[in-house]
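Structural characterization, general
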Amino acid sequence: MALGVLIAMPLNVFAQVSNTDSLNSTTERAVENYNFNWRQTILPASLITAGAVAIAPGFLRHGNHGLTNAIIDLRGNHRRLEFDDYVQYLPVVGAWTLGCVGAKAKHTFVERTLIVATSYASLGVLTNVPKYFVDEKRPEFAGHNSFPSGHTATVFMGAELVRIEYGGWYGIGAYTVAVGVGFMRMYNGRHWFNDVVAGAGIGILSARIGEWSACLWQKLLKKKGRKEQNFALTPIATPFSGGYYGFSMGCCF
């Protein structure tokens, strides 16, 4: 079964689902821009620091390993559950596309795309640099790139983007998914508890960096008289010859 994304004009339906984006951007936005404030760095910085401190030898490291091993023991002789490799992306996709299907979004589709891209760029730096220099061994694997957890960083970045963009139950649902992925990283023996804690902090910080960049993107994109793009998102399924499932997207400029 192949899983893909087809970028094309829908054959039968072209709904102007970006009307929600248009109302939010060209009339009055319910939520003000998430402007930079140093207090917004307290939570992610605390999580990253707590995760980093537990790397050093001592009782924190001992407790960190003990907790992780206890979670691994829950698995027992059962096989690892690898769905966290895919679920990690759900909140990110939600932050990007929920506004296209009726959710009240804070930014336009184009702005959300740029915010997600900026967040991902920040995530790549904040995650991979420590992985290279810290050289922490994974609990049950030979790799020495355990700190921090990239999966956890990705899913928490998406959850924070959803919370900022849509708020309410959307944010609660996204954070529930994020916590589940963090737990699964330990359950599968991929990461220590402190890797997950630091990854959560990095993900939240990356999302906030992306959101802080929104004002810049809005200034670059702002043009007098510019109309919002019409955007359509249509699911497709072809169950023949092995199956092909995904969605088609169309954008009229």
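This structure is a prediction, so every number in the text was calculated from the model and none was measured. The numbering scheme is per chain: residues are counted from 1 as the chain's sequence reads. In keeping with the predicted nature of the model, local features appear solely for residues at pLDDT of at least 70, side-chain atom pairs appear and are counted solely at 80 or more, and the whole-chain, interface and lining totals rest on all residues. Just so you know, side-chain values use all the structure's heavy atoms and leave hydrogens and water out.

1. Description of the overall build of the protein chain
Looking only at helices and strands, the protein chain features 10 helices and four strands. Only protein chains enter the accessibility calculation, which uses a 1.4 Å probe; a residue whose area is less than 20% of its type maximum is buried, one above 50% is exposed, and one in between is partly exposed. Every one of the 253 residues in the protein chain was classed for burial, and the buried ones make up 44%. Contacts are assigned to residue pairs that have any heavy atoms within 4.5 Å of one another. A separation of at least 24 residues holds for 78% of the contacts in the protein chain among residues at least 6 apart in sequence. Per-residue and other accessible areas were derived by the Shrake-Rupley procedure at a 1.4 Å probe size, with only the shown protein chains allowed to occlude residues. For the protein chain, the exposed area adds up to about 13600 Å²; of that, 66% sits on carbon and sulfur atoms. Secondary structure follows DSSP: runs of H or I at least 4 residues long count as helices, runs of E at least 2 residues long count as strands, and numbering of each begins at the N terminus.

2. As for the confidence of the model for the protein chain
Confidence of the predictor at the level of single residues is given by pLDDT, which spans 0 to 100. Chain-level statistics for the protein chain give a pLDDT mean of 82 and a share of 74% at 70 or above. Between residues 1-31, whose pLDDT stays under 50, and residues either more than four places distant or in other chains, the model counts 75 contacts.

3. Let's talk about the environment of Ala207
With respect to the helices, strands and loops of the structure, Ala207 is situated in helix H9 (residues 193-212). When its relative accessible area of 0% is taken as the criterion, Ala207 is described as buried. Beyond its immediate chain neighbours, meaning those up to four positions away, Ala207 contacts Ser119, Met157, Glu160 and Leu161.

4. Some remarks on the nonpolar core
Within this scheme, the nonpolar core is defined by two criteria: the residues are buried Ala, Val, Leu, Ile, Met, Phe, Trp, Tyr or Cys, and they are joined through side-chain atoms within 4.5 Å. Grouped together as the largest cluster of nonpolar side chains are 23 residues, with contacts concentrated most on Phe156, Met157 and Leu161. Considering every element that reaches this core, the biggest residue donor is helix H7 (residues 150-166), with eight residues. Filtering out sequence-adjacent residues up to four positions away, Phe156 remains in contact with Tyr175, Ala178, Val179, Ala200, Gly203 and Ile204. One finds Ile71, Met184, Met186 and Val196 within the second-largest nonpolar core, a separate group that totals five residues.

5. Things to note about unusual backbone geometry
Cis peptide bonds are those with omega within 30 degrees of zero, and the linkage from Phe147 to Pro148 qualifies with -10 degrees. In this structure, Pro148 sits in the loop between helix H6 (109-134) and H7. A positive phi angle, close to 60 degrees, is found at Asp135, a residue other than glycine. Positionally, Asp135 belongs in the loop between H6 and H7. Using a relative accessible area of 46% as the deciding quantity, one classes Asp135 as partly exposed.

6. Some remarks on the side chain of Asn64
Along the polypeptide, Asn64 turns up in helix H3 (residues 59-75). Given a relative accessible area of 4%, Asn64 falls into the buried group. Within polar-contact distance, the side chain of Asn64 engages the backbone nitrogen of Phe193 at 3.2 Å. When sequence neighbours within four positions are dropped, the list of residues in contact with Asn64 reads Ala54, Trp192, Phe193 and Asn194. Polar contact is the term for a pair of N or O atoms within 3.5 Å; when the atoms are in protein, one must be able to donate a hydrogen and the other to accept it, and sequence-neighboring residues count only if both atoms are side-chain atoms.

7. Some details on the pattern of salt bridges
Salt bridge, as used here: a side-chain nitrogen of Lys or Arg that lies within 4 Å of a carboxyl oxygen of Asp or Glu. Under the definition given, this model contains nine salt bridges. For the salt bridge of Glu82 with Arg190, the shortest nitrogen-to-oxygen distance reads 3.7 Å. In this pair, Glu82 sits in the loop between H3 and helix H4 (84-87) while Arg190 sits in the loop between helix H8 (168-187) and H9, placing the two residues 108 residues apart along the sequence. You can call Glu82 partly exposed: its relative accessible area is 28%. With its nearest N and O atoms 2.9 Å apart, the salt bridge here joins Arg208 to Glu160. Taken together, the residues Arg208 in helix H9 and Glu160 in helix H7 connect sequence positions 48 residues apart. Arg208 sits in the buried class, given a relative accessible area of 9%.

8. Side note on the packing of aromatic side chains
Aromatic ring pairs are reported here in terms of the distance separating the ring centres and the angle at which the planes meet. Here a Phe, Tyr or Trp ring, Trp counted by its six-membered ring, pairs with any other such ring whose centre lies within 6.5 Å, and the pair is stacked when the planes are under 30 degrees apart, edge-to-face when over 60, and tilted otherwise. Enumeration according to the criterion identifies six aromatic pairs in this entry. Measuring from centroid to centroid gives 5.8 Å for Phe156 and Tyr175, while their planes differ by 75 degrees, and the two rings are edge-to-face. Highlighted residues: Phe156 in helix H7 and Tyr175 in helix H8, separated in sequence by 19 residues. Judged by relative accessible area, Phe156 falls into the buried class, the value being 11%. We call a charge positioned above a ring when the Lys NZ or Arg CZ atom is no farther than 6 Å from the ring centre and deviates by at most 35 degrees from the ring normal. Across from the ring centre of Phe141, 4.0 Å away, lies the NZ or CZ of Arg190, which sits over that ring.

9. Side note on H3
Expected helix span is taken as 1.5 Å per residue step, with the number of steps being one fewer than the number of residues. End to end, H3 covers 25 Å across 17 residues, agreeing with the expected 24 Å (1.5 Å per residue, within 8%). Those residues of H3 that sit buried are Asn64, His65, Thr68, Ile71, Ile72 and Arg75. Around the axis of H3, the buried residues are gathered within 125 degrees of arc, so they sit on the same side. Residues of H3 that are exposed and point more than 90 degrees away from the buried face comprise Phe59, His62, Asp73 and Leu74. Where H3 is buried, its residues meet H8 and H9. Downstream of H3 by one or two residues, Gly76 has phi in the positive range, about 60 degrees. Summarising the geometry, the arc corresponds to the directions from the helix axis toward the C-beta atoms.

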